[in-house]
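Each chain is listed here by its residues.
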Amino acid sequence: MGGEMARYTNKNSDVSRLRHGSVGLLMAGLLGTLSGVANAAWEISLQEPVTAVARRVYDLHTLLTWVIFIIFIGVFAVATYSIIFHRKSKGHKAADFHDNTTVEIAWTVVPTLILIAIAVPATTTLVEMRDTSQPDLTIKATGYQWKWGYEYITGDAAGVKYMSVLATPRDQIENKAPKGANYLLEVDRPMVVPVGKKVRMLLTSSDVIHNWSVPAFAVKADAVPGFLRDTWFRADKEGTYRGQCSELCGKDHGFMPVVVEVVSTEKYAAWVEGQKKEMAAAADDPSKVWKLDELVARGEKVYTANCAACHQPNGKGLPPAFPGLDGSKIAKGPKEAHLDIVIKGKPGTAMAGYGAQLGDTDIAAVVAYERNAWTNKLGEVIQPAEVKARRGK
Amino acid sequence: MQATQHAAHTGNHDDESHGHHPTGLMRWVTTTNHKDIGSMYLWFSFIMFLVGGAMSLIIRGELLAPGLQYVSPEFYNQMLTLHALIMVFGAIMPAFVGFANWMIPMMIGAPDMAFARMNNWSFWLLPPAAILLVASMFVPGGAAGTGWTLYPPLSIQMGMGMDLTIFAVHILGMSSIMGSINIITTILNMRAPGMTLMKMPLFCWTWLVTGFLLIASMPILAGAVTMLLTDRHFGTSFFSAAGGGDPVLFQHIFWFFGHPEVYIIALPAFGVVSHVIPAFSRKHLFGYTSMVYAIAAIGLISFFVWAHHMYVTGIPLTGQLYFMYATMLIAIPTGVKVFNWITTMWRGSLSFETPMLFALGFLVLFTIGGLTGLVLAMTAVDIQLQDTYYVVAHFHYVMVAGALFSAYAGLYFWLPKWTGHMYHEGLGKLHFWSSMIFFNIAFFPQHFLGLAGMPRRIPDYAQQFADFNLISTVGAFGFGISQLLVLVVVFKAVKGGAKAESRPWDGAHGLEWTVPSPAPYHTFEEPPAFDPAEAHA
Amino acid sequence: MVSQQLNFSTGLAGKENGRSTVASNRRVVGLLLTVIVGSLLFVSAQPRLYKAFCDWVGLYDIDRAERVAASAIPARPVVLEFDANSHEGGLLFRPEIKTLQASTGDIINVTYRVENTRNTTVIGQAVPSYGPQHAGEYVRKLDCFCFKQQTFAPYEVREMPVVFVLNRDLPSDVNTVTLSYTFFEIPAGSVDKPAVSMEGRT
């Protein structure tokens, strides 16, 4: 693990170096042995902030760290003096006192004053964090086990909607391949926002509670199924910012990162343009008749993004919780039952219904893939129209 | 009320039971003697401590390096859940109930606990609960993998292991409630003549408040998990939006129990330290009255701060502000206690035997945990740190360093009274220093991991977290292995060693030091005369 | 004074005989059992208390048709956003329009579209939510499909209205309000017995 270690932001500024320096000194002092190490991997304070709110939080944390450090030193300086000089082994005789009202009032009042002093910046920062009014664009993030879905509600990209899935290959996770720079913090399609614009995030979930978090923005909010939460950020520096799901959400909780790309207004416009074109192109003709090989090729992608986490890329699954598909009764049985379980899920198990997340073509493709991959060589084509007919049965 | 009458008999002159209680295994199954039951609680908690500790080493082992090495993510989640449940309900709480059983009757000059048979029952509920918890690993689908907080809807998805966990929690709750009734009644009704509440040893005070916290908060937890159970199997939807419920409601109820639970663990620890520090400072405890008020204040405030665990769940701004201020308020009585302990040492005549070392270790580490708690109380900062390793570091400083170190201080302090032998001082000191050093190696770097943004409860992590995780794992294994020293120390002290006097520590005060070491099977069958000079304050 | 009745302050002094200890123990246990029963009652009342509290502070929808009082506060422009989520796969659910410029005090009428993609009858319940949450307090609904469970015939497509007024006393820092609904499918078995806290909604 060298100096090339990836940080969340990949960018440094002198200002933040200074900030890191001050807290760094203090923390390093506490840690003692590690004080000399100046490596990016030895980050010992909050990530470099890129929003005004995150900077305020950063400064508040720095202030608090100093306050508690000074309190700690002050209190234990007294204790240390006592430990050194009031020893029995040095012949010190115990004094006999056990009450002193003045002192006791003092050490109730002084901490109270300190608390009031730090409550002021803590309050103003919090009020600012919660002000979601007047956004430039609104994006809804929906938590799924275990990926994020983004939908642009307002702004130029209104209507753009896609899933954002961990892009780190299984081989890296299983230590069969060297790990990339953004190991576990990379997705196939990041959320893209323009720089300097107030982005309001709406959060909800389709299954369990997730938490959408980007430390560089000081944003962290639960996504609760059936309810809407909102938060906001205004990133003032371009870059790629990474966070992770921050509420235990089951098996792959550690494998659903949040990646936000902050780009210039022009790049954003170009991106929106591209997305709209892609959407138009992807609006599959439902009556198109697919050939087996093109369907399977598409199905493999859908499988990797949606199914491989549990059923594994090799189709062997992780029994007993996650059954294998290679040679399974479902995958080699009647296709109707197979379609049903993909569309509706299997109640009482971790198998969710994909009917709402995936279109007819994707479901047809992934089922066709599962019925033709590994040893399941059924040679069967499934057309989107069959999926449509199957929905709801 | 059978138990009451029985207690009244043992309480005064239950002559026929003297001398011929059953022997062998039946002695332990049927015993109603507070010392026997205290010992069983302590052994039980130590066994559970080793089980929970082994689980934590599985967790730390997996986190040694990035990538999935040894366990699957599902199993990892089960380990972190069981580790927490076992440590909280199986190790720390029973340890302090064990201390209470052994020491409270001796401290207040009572012959036994008020309800001796119920005492037996509240202990013997624990092993079945522990078996349920451990057995849940082996049912289809494995143990609950939800974290000890059991949040729905994730806990609704879990398999049968979740149901076993819910039953275990019910049983543990019943045991705690019975234990608390017993302890509170003993303290209120069975003190030696002349020992007023404000002359009572501080350990009794902490347990009096803890007992009330337990009986008020355990039913809340029982209710929460019962609602979980009916949501899982009987079609209710307390916690599901589909039926008009709200998953966040569970979090409110859970933490309404969960925050007092933190002090249920911490207060008796404060009590032990309040005995050890004056004894080795050869001085009276400074500010006894303010200590008592601080304990009561902490107990009371603990019921009004629960939502500081929920700053990111979407509670309204006014709620965040209120809970922030209320949480900051707890710092004041906690600060008072720390200042009192340090002033107790001031101009004393200090010596540093193992109990004192552990008490000082407690003081340093608990203060660090308390101060990071102050940082976390600030909602704006907490939003950055919620569910990161900073929180993990914070509560391990409070729980391990706070409760465990204090329990060790108590163990070494009272071991001569229990066994009649002095423990091996060298081994004790080795145990302290290795625990102290490895604890900090294991947990201090976790502050940095949390600040850098590493979420908790993940089995694998990004590469920039690798170095601190490696250090932390090394520290955790060192800490884990150090704990085996306790077994050696205790076995040596049980088997032999220097004879302990009835008051092995020259600075120790209290009725418990007026009986011989080892303490006879029956003590204070006649209420002793209480000498105010032996009073704590 | 409880402490005097229970003789707490004097320890065993004055009660050498066993009877008074027994009586005293009974009193303590009685007191503690009261606390335990109180705790149990408290926790079992939680779902209702929580609902009442959330209604009171306006965190949830108040899912009943309401009257709108005339207000002296002047109207001001707000942006309304509409959002839809479907919890199971069967119902395709979306708002007809995504955003709307409006004024506080206007009677707003919007439509959500639901398509039952199943060939079976589906019973659904929409659960409302707001962003920011406290805006919910100022949304006065006159009519909403979320007031009751909805039954959809196989493949039915239905447009459903929400009629509401945004109160003029909406806090000045709220300029964008999101109305969100999540459609949950109600399992056939539990249609006739809505969950405890549902009665306010029907």
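Values in this document were obtained by computation on a predicted structure and should not be read as measured data.

Draft legend 1. The interface of chain A and chain B, seen in detail. Facing the 94 residues of chain A at the interface are 96 residues of chain B. Summed over both sides, the interface between chain A and chain B buries roughly 8400 Å², with carbon and sulfur atoms accounting for 70% of that surface. Inspection of the region where chain A meets chain B yields one salt bridge. Across the salt bridge formed by A:Lys88 and B:Asp506, the nearest N and O atoms sit 3.7 Å from each other. Remark: the boundary between chain A and chain B carries 26 residue pairs in polar contact (both at pLDDT 80 or more).

Draft legend 2. Summary view of the packing of helix H2 (residues 52-85) of chain A against helix H13 (residues 354-377) of chain B. Where H2(A) meets H13(B), the axes come as close as 10 Å, and the angle between the chain directions of the two elements is 160°. Relative to H13(B), the element H2(A) is oriented roughly antiparallel. Note on packing geometry: the crossing formed by H2(A) with H13(B) is right-handed. Across from A:His61, A:Leu64, A:Ile68, A:Ile71, A:Phe72, A:Phe76 and A:Ile83 in H2(A), the residues of H13(B) making contact are B:Leu360, B:Leu363, B:Val364, B:Thr367, B:Ile368, B:Leu371, B:Thr372, B:Leu374 and B:Val375.

Draft legend 3. Expanded view of helix H17 (residues 466-482) of chain B. Between its first and last C-alpha atoms H17(B) spans 24 Å; for 17 residues at 1.5 Å apiece the expected length is 24 Å, and the two agree. Within the sequence span of H17(B), burial applies to B:Ala466, B:Asp467, B:Phe468, B:Asn469, B:Ser472, B:Thr473, B:Gly475, B:Ala476, B:Gly478, B:Phe479 and B:Ser482.

Draft legend 4. Focus on empty space enclosed by the protein. As enumerated under the stated definition, the model contains 13 cavities of 30 Å³ or more in all. In terms of residue count, the dominant contributor to the lining of the largest cavity is strand E8 (residues 229-233) of chain A (five residues). A per-class count over the lining of the largest cavity returns eleven nonpolar, six polar and six charged. Both of domain 1 (14-129) and domain 2 (137-282) of chain A provide at least three residues apiece to the lining of the largest cavity. Of all elements in the fold, only helix H4 (73-108), helix H8 (160-189), helix H9 (202-233) and helix H10 (247-281) of chain B reach the threshold of two or more residues within the lining of the second largest cavity. For the lining of the second largest cavity, the per-class residue count stands at 15 nonpolar, four polar and no charged.

Draft legend 5. How the structure looks around the pairing of strand E9 (residues 239-244) of chain A. All names here are of chain A. Most of E9 sits out of view: six of its six residues are buried. Relative to strand E10 (residues 257-263), E9 runs antiparallel, the two being bridged by six bridges. Paired with Arg242 across the bridge in E10 is Val259.

Draft legend 6. How the structure looks around the sheet that holds strand E7 (residues 150-152) of chain C. Residues and elements named next belong to chain C. Pairing within the open sheet is mixed, and its five strands lie in the order E3-E1-E9-E5-E7. Edge strands, defined here as strands with exactly one partner in the open sheet, are strand E3 (99-103) and E7. Looking at each pair of strands side by side, their axes are set apart by 30° on average, direction ignored. Relative to strand E9 (residues 176-185), strand E5 (residues 122-131) runs antiparallel, the two being bridged by eight bridges. Paired with Val127 across the two strands is Thr182, which belongs to E9.

Draft legend 7. Expanded view of the pattern of salt bridges. Counted according to the given criterion, the structure contains 23 salt bridges over all chains. Note that A:Glu151 is salt-bridged to C:Lys98, the shortest N-O span being 2.6 Å. Of the two residues, A:Glu151 is situated in strand E2 (residues 147-152) and C:Lys98 in the loop between strand E2 (91-95) and E3; the pairing between them involves two chains. Residue class for C:Lys98 comes out partly exposed when judged on its relative accessible area of 28%. Across the salt bridge formed by B:Asp163 and B:Arg232, the nearest N and O atoms sit 2.8 Å from each other.

Draft legend 8. Here's a closer look at helix H15 (residues 389-419) of chain B. Residues and elements named next belong to chain B. Its maximal kink placed at Phe413, H15 deviates by approximately 40°, while the proline Pro416 follows within four residues. Burial runs high along H15: 30 of the 31 residues are buried. One or two residues past the end of H15 sits Gly420, with phi positive at roughly 80°.

Draft legend 9. Representation of the sheet that holds strand E4 (residues 191-194) of chain A within the structure. Residue and element names in this part refer to chain A. The strand order across the open sheet built from three strands is E4-E10-E9, with neighbouring strands paired in mixed fashion. Edge strands, defined here as strands with exactly one partner in the open sheet, are E4 and E9. Going from strand to strand, the sheet's axes swing by 25° on average, the running direction of each strand aside. When E4 meets E10, the two strands line up parallel, connected through four bridges. Its bridge partner being in E10, Val193 is matched across the sheet by Val262.

Draft legend 10. Local environment of the confidence of the model for chain C. All names here are of chain C. In this model, chain C carries an average pLDDT of 73, and 73% of its residues clear a pLDDT of 70 or more. The least confident element of chain C is helix H1 (residues 2-5), whose mean pLDDT is 39; the most confident is strand E4 (residues 107-116), at 85. Across residues 1-19 the pLDDT falls below 50, and counting only partners more than four positions away or on other chains, this stretch makes 41 contacts in the model. Per-residue pLDDT stays below 50 along residues 190-202; that stretch engages in 23 contacts with residues further than four places along the chain or on separate chains. Two summary scores accompany this predicted model of the complex, namely pTM at 0.83 and ipTM at 0.90.

Draft legend 11. View of a nonpolar patch on the surface. Nonpolar side chains collect at one region of the surface, where A:Ile105, A:Val109, A:Leu113 and A:Ile116 lie side by side and expose about 380 Å² of accessible area between them. Among the structural elements, A:Ile116 can be located in helix H3 (residues 101-129).

Draft legend 12. Molecular detail of the packing of aromatic side chains. Going through the model one piece at a time under the given rule, you end up with 73 aromatic pairs over all chains. Between the aromatic rings of A:Tyr152 and A:Trp271, the centroid separation amounts to 5.4 Å while the plane-to-plane angle is 50°, which identifies the pairing as tilted. Residue A:Tyr152 is located in strand E2, and its partner A:Trp271 is located in helix H5 (residues 265-282); the two are separated by 119 residues in the primary sequence. Take A:Tyr152 and A:Trp271: they sit in the same class, and that class is buried. On the numbers, 5.3 Å between centres and 15° between planes, the contact of B:Phe362 with B:Phe366 is stacked. Of this pair, B:Phe362 and B:Phe366 both sit in helix H13, four residues apart, which is roughly one turn of the helix. Just above the ring of A:Phe97 sits the side chain of B:Lys283; from NZ or CZ to the centre is 3.7 Å.

Cut-offs and rules
- Residues numbered from 1 in each chain as written.
- Chains lettered and ligands numbered in written order.
- Predicted model: local features only at pLDDT ≥ 70, side-chain atom pairs only at ≥ 80, totals over all residues.
- Heavy atoms only, no water.
- Contact = heavy atoms within 4.5 Å.
- Buried area = accessible area lost by both parts, 1.4 Å probe.
- Salt bridge = Lys/Arg side-chain N within 4 Å of Asp/Glu carboxyl O.
- Polar contact = N/O pair within 3.5 Å; in protein donor to acceptor, adjacent residues only side chain to side chain.
- Axes fitted to C-alpha atoms, helices over the stretch in contact; angles between N-to-C directions.
- Helix = DSSP H or I, 4+ residues; strand = E, 2+ residues; numbered from the N terminus.
- Parallel < 35°, antiparallel > 145°, perpendicular 65-115°, else oblique.
- Left-handed = near helix turned anticlockwise from the far one by under 90°.
- Expected span 1.5 Å × (residues − 1).
- Buried < 20%, exposed > 50% of the residue type's maximum accessible area, 1.4 Å probe, protein only.
- 1 Å grid on protein atoms, 1.4 Å probe; cavity = no way out; pocket = protein on both sides within 12 Å on 5 of 7 lines; lining within 4 Å.
- Points joined across faces, edges and corners; volume = space filled by probe spheres on them.
- Nonpolar A, V, L, I, M, F, W, Y, C, P; charged D, E, K, R; others polar.
- Domains from an automatic or database assignment.
- Pairing = 2+ DSSP bridges.
- Bend = angle between axes of the 7 residues up to and from the residue.
- pLDDT = per-residue confidence, 0-100.
- Patch = residues over 30% accessible without salt bridge, like charges linked within 9 Å, V, L, I, M, F, W, Y side chains within 5 Å.
- Areas by Shrake-Rupley, 256 points an atom, 1.4 Å probe, with all protein chains shown as cover.
- Phe/Tyr/Trp six-rings, centres within 6.5 Å; stacked < 30°, edge-to-face > 60°.
- Lys NZ or Arg CZ within 6 Å of the ring centre and 35° of its normal.

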